[in-house]
Structure formats: C-alpha cells, structure tokens
Amino acid sequence: MKPFTYQRAGELRDALAGAAGTPNAKFISGGTNLLDLMKLEIERPAHLIDINHLPFNAIEETAEGGLRIGAQVRNSTLAADPRIRSNYPVLAQALLAGASAQIRNKASTGGNLLQRTRCYYFYDRNMPCNKRKPGSGCAALHGFNRMHAVLGSSDACIAVHPSDMAVAMTVLDASVETMDTEGVTRQIPIGDLHRLPGTTPDIETQLKLGEMITAVILPPVQPGRQLYRKVRDRASYAFALVSVAAIVHVAGDTIAGARFALGGVAAKPWRVPEAEAILLGEKVSTEMFERAADIALANAIGRGGNDFKIPLAKRTIQQALAAASQRG
Ligand SMILES: Cc1cc2nc3c(=O)[nH]c(=O)nc-3n(C[C@H](O)[C@H](O)[C@H](O)COP(=O)(O)OP(=O)(O)OC[C@H]3O[C@@H](n4cnc5c(N)ncnc54)[C@H](O)[C@@H]3O)c2cc1C
Ligand code: SF4
C-alpha cells in the first residue's frame, strides 16, 4: 500500500476542505471496496478523508412523502428499516441480495453507489485495462468475459457496475444529493449518476473531483407490486450475472403501470422506457412480457463468453414481470 495522509472529518466543511486542499484525496466510508483497491495499489490516494463521523446516518421522511437516506446509512440498516421494508421492498430485497451480512454492516449508501467494477482484469495490474490505465487496452474484450456487459459497452471497456442497491434505486426513480468543494449542492437523478464507458471508461460518474454524496432521495411510493430478482453463480455472496428490479401495478386485469431496471448487464443500471411503455393498458400475458423483454435487449451485443446473458436477461425480465403482476 502506498503511504497516505489520514484525516478524520467531524464536520462536512472539514471533509470538503480536505478534498479541496489535497490533490488525489479520497473519501473513505465502510472501506469494503476502497481498502481492497488500495492494497492492490489500484487506488493510490495521497490523502484519505474518513467520513464515518459525519451526521449522515439518518433515514428521514421528506415533505413530498418520500424518504431521505443519509449517505452513511449502512446497507444492513437500510434493508431492515420498516419504512423501506413495507413501502420500498424492492430496495430491501436488492440490499439483502448483495454481499454478506458482515459486509452489509460496513457498506454505506454512498460507498455502494460508487464501488468500482469487479472486472477481474481491472484488479490484475499485469493485464491491460483502459479503466485502470487509460490507453492500455481492454483484456476482457477478447478474454474471459462471462461477467461482462451486453448493453451500453464500447470497444474500450465492457465492464459492468456491480451494485444491486443502485438497480433498485433506479426503478424507484431515486436521486442522489451531493455537495461539492465550494459548498454547492445538487440533485442528480440516479439514472444520470453513472456514465457509459465510451472512450473514457476511467471516468465513471458525473461527480466532480471532491464532490461528496450526502444522501439519496426516494420519491413517494408508487402503486404496484415490487420485487428484485438476482441470478448468480451461487445462492449468496456472489455478484449478479443478471438482475431485475420490477414494479408492476395491475388494475382489474390491465397493466396500469410497469417499470423495470436491469443489473449485471451494463456499466450502469439499465432502463428501457419503450419496453415499459408497451405494457401500459395491456392485459397481463406471457406474450406481452416477452415483447417487453425483447425490446429491452434489442441492442444487446455479446462478446463471446457473456452471450448467454442476453437470453438469461430476457427470461429474468419475463419471470420478474409475471411475478410482480400477480396479486397478493
Ligand atoms: C466479497 C464481496 C462481495 C460483495 N458482493 C456484493 C454484491 O453482491 N452486491 C453489491 O451490490 N455489492 C457487493 N459488494 C460490494 C459492497 O457492497 C461495496 O464494497 C460497498 O457497498 C461499498 O461501500 P463502502 O461504504 O464500504 O465504500 P468504500 O469502500 O468506503 O468506498 C467506495 C468508493 O466510494 C467513495 N465514497 C464512499 N462514500 C462516499 C460519499 N459519501 N461521497 C463520495 N464518495 C464516497 C470512496 O471514495 C470510494 O471510491 C461486495 C463486496 C465484497 C468485498
Ligand atoms: S472491461 Fe473495462 S475494466 Fe475490464 S479490462 Fe476492459 S477496460 Fe478494464
């Protein structure tokens, strides 16, 4: 591990001043991703700002009827919150499908959204990787790419974003609240937070240098049945091959609302509004769910080892939509 200076921030302004005053500074929260990357010398911050003592660990009701989740709220606390369990069960299920109980106890809301890809070539400094070392190439393109992206990728990078929580927050239309080093706040719709790789896969989010996530805002709960389906190699403690967060509202026998987001298929949680729109006003049927899944994956490109993800994603969407459209 490279030497670094360490600052324990008790107040937001101290943390932001630390980020403004030191080039190559990093915030550390649970450390469950950052510390591993530092040990491998893939992340080499000169200055580490510990944000665990900032007052961002509350889940509060908003004036609009939603919830404001502080960036320091732990994944296990969020999953156990009665308001999340009853009104946003897709989020509770996604959180509980991620990592292990011990990791969820450390992992924070902000850190989970900003965790880095699990592409094995990214973690292996002997291999070319445009995300780790721009311009060096992408070992996954023609390598072992079973876990990699089928949507939104480029010839520079085919990595996926690993967060389950982000997929559920995307279907819920959450937004991320931030503050930059000048003290300016903004709200970013979660669908805009992560960037597609293009020619600059090393730039992963819309955040500016030193900009901190302070909270995630959930809008008021929408009608419909919510669920999260995660397909993975083992029953637990494994990242998604494909996941689907779905919300379906059935009135009588007609679909009055349908939305779904995919995980494990792209560098960001993936939503296809046209695929959701064709379901509106239709009767619940296997054929309609098949059509929606086909539209969602219409632009998918396999790279060999991950070809199987395309039919797998279609089947998982169909299964999730069918299950979410059942009553009771
Ligand atoms: C073995 C293992 C299995 C896992 N399985 C899963 C899984 O199945 N699904 C899943 O979703 N995740 C999984 N994870 C990932 C885990 O959920 C993340 O490591 C964790 O959520 C990151 O949160 P953290 O607080 O520890 O972040 P840290 O490691 O502290 O930080 C991660 C990044 O976020 C930045 N950061 C942290 N907080 C903020 C903030 N408030 N503002 C700005 N930047 C910030 C840091 O600078 C760093 O770049 C797994 C991890 C491990 C080790
Ligand atoms: S897929 Fe992306 S992260 Fe993986 S080796 Fe290629 S450039 Fe690196």
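What counts, and where the lines are drawn
Residues numbered from 1 in each chain as written. Chains lettered and ligands numbered in written order. Predicted model: local features only at pLDDT ≥ 70, side-chain atom pairs only at ≥ 80, totals over all residues. Heavy atoms only, no water. Helix = DSSP H or I, 4+ residues; strand = E, 2+ residues; numbered from the N terminus. Buried < 20%, exposed > 50% of the residue type's maximum accessible area, 1.4 Å probe, protein only. Pairing = 2+ DSSP bridges. Salt bridge = Lys/Arg side-chain N within 4 Å of Asp/Glu carboxyl O. Near = heavy atom within 4 Å. Polar contact = N/O pair within 3.5 Å; in protein donor to acceptor, adjacent residues only side chain to side chain. Areas by Shrake-Rupley, 256 points an atom, 1.4 Å probe, with all protein chains shown as cover. Nonpolar A, V, L, I, M, F, W, Y, C, P; charged D, E, K, R; others polar. Core = buried A, V, L, I, M, F, W, Y, C linked by side-chain atoms within 4.5 Å. Right-handed = clockwise from strand over helix to strand, strands pointing away.

Where an unreviewed UniProt entry is consulted, the chain appears under the name Xanthine dehydrogenase family protein subunit M, with the organism given as Phyllobacterium zundukense.

With that out of the way, let us pick up unusual backbone geometry. For Ala99, which is not glycine, the phi dihedral falls at a positive 55°. Position of Ala99 relative to the elements: it lies in the loop between α5 (89-96) and α6 (101-106). By relative accessible area, Ala99 is classed as partly exposed at 33%.

Along any regular strand, the residues point their side chains to alternate faces of the sheet. The element strand β11 (residues 254-263) is largely enclosed, with a buried count of eight among its ten residues. Pairing of strand β10 (residues 242-251) with β11 involves nine bridges; the strand directions are antiparallel. Across the sheet, Val244 pairs through a bridge with Leu262, a residue of β11. What sits between the antiparallel neighbours β10 and β11 is a turn of two residues, in which Gly252 has the positive phi angle 65°.

With that settled, the discussion passes to the pattern of salt bridges. Under the criterion given, the structure shown has 21 salt bridges. Among the ionic pairs, Lys26 bridges to Glu43, the shortest N-O distance being 3.7 Å. Residue Lys26 is found in strand β2 (residues 25-28), and its partner Glu43 is found in the loop between α2 (34-39) and β3 (47-50); the two are separated by 17 residues along the sequence. Under the relative-accessibility criterion, Lys26 is labelled partly exposed at 31%. Judged by relative accessible area, which is 10%, Glu43 ranks as buried.

A word on the site of ligand 1. Residues in close proximity to ligand 1 total 33 residues, the closest being Phe27, Gly31, Thr32, Ser108 and Asp164. At 2.8 Å, a backbone N or O of Leu34 approaches an oxygen atom of ligand 1. At 2.6 Å, a side-chain N or O of Ser108 approaches an oxygen atom of ligand 1. Within the complex, 93% of the 980 Å² of free accessible area of ligand 1 lies under protein. Of all the secondary structure elements, the ones that give two or more residues to the shell around ligand 1 are β2, α7 (109-114) and β8 (212-218). The residue inventory of the shell around ligand 1, partitioned by class, reads 15 nonpolar, 13 polar and five charged.

It is worth spelling out the nonpolar core at this point. If you look at soluble globular proteins, the nonpolar side chains tend to sit buried side by side. Counting residues in hydrophobic clusters, the biggest one holds 36 residues, and the most contacted among them are Leu78, Leu91, Leu113, Met169 and Leu218. For this core, the leading source of residues is helix α8 (residues 164-171), giving six residues. In terms of nonpolar packing, the next biggest core, distinct from the first, is built from 34 residues, Val248, Val272, Ile310 and Leu321 among them.

Here we come to the site of ligand 2. Among the 15 residues in the neighbourhood of ligand 2, the closest are listed as Cys119, Cys129, Cys138, Cys157 and Ile158. Tallied by class, residues from the shell around ligand 2 come to twelve nonpolar, two polar and one charged.

Burial along β3 is two-sided: His47 and Ile49 facing one way and Leu48 and Asp50 facing the other are all buried. Of the pairings in the sheet, the one linking strand β1 (residues 5-8) to β3 comprises four bridges and is parallel in character. Bridge pairing in β3 places Arg8 opposite Asp50. After leaving β2, the chain enters α2 and then returns to the sheet as β3, a path that is right-handed.

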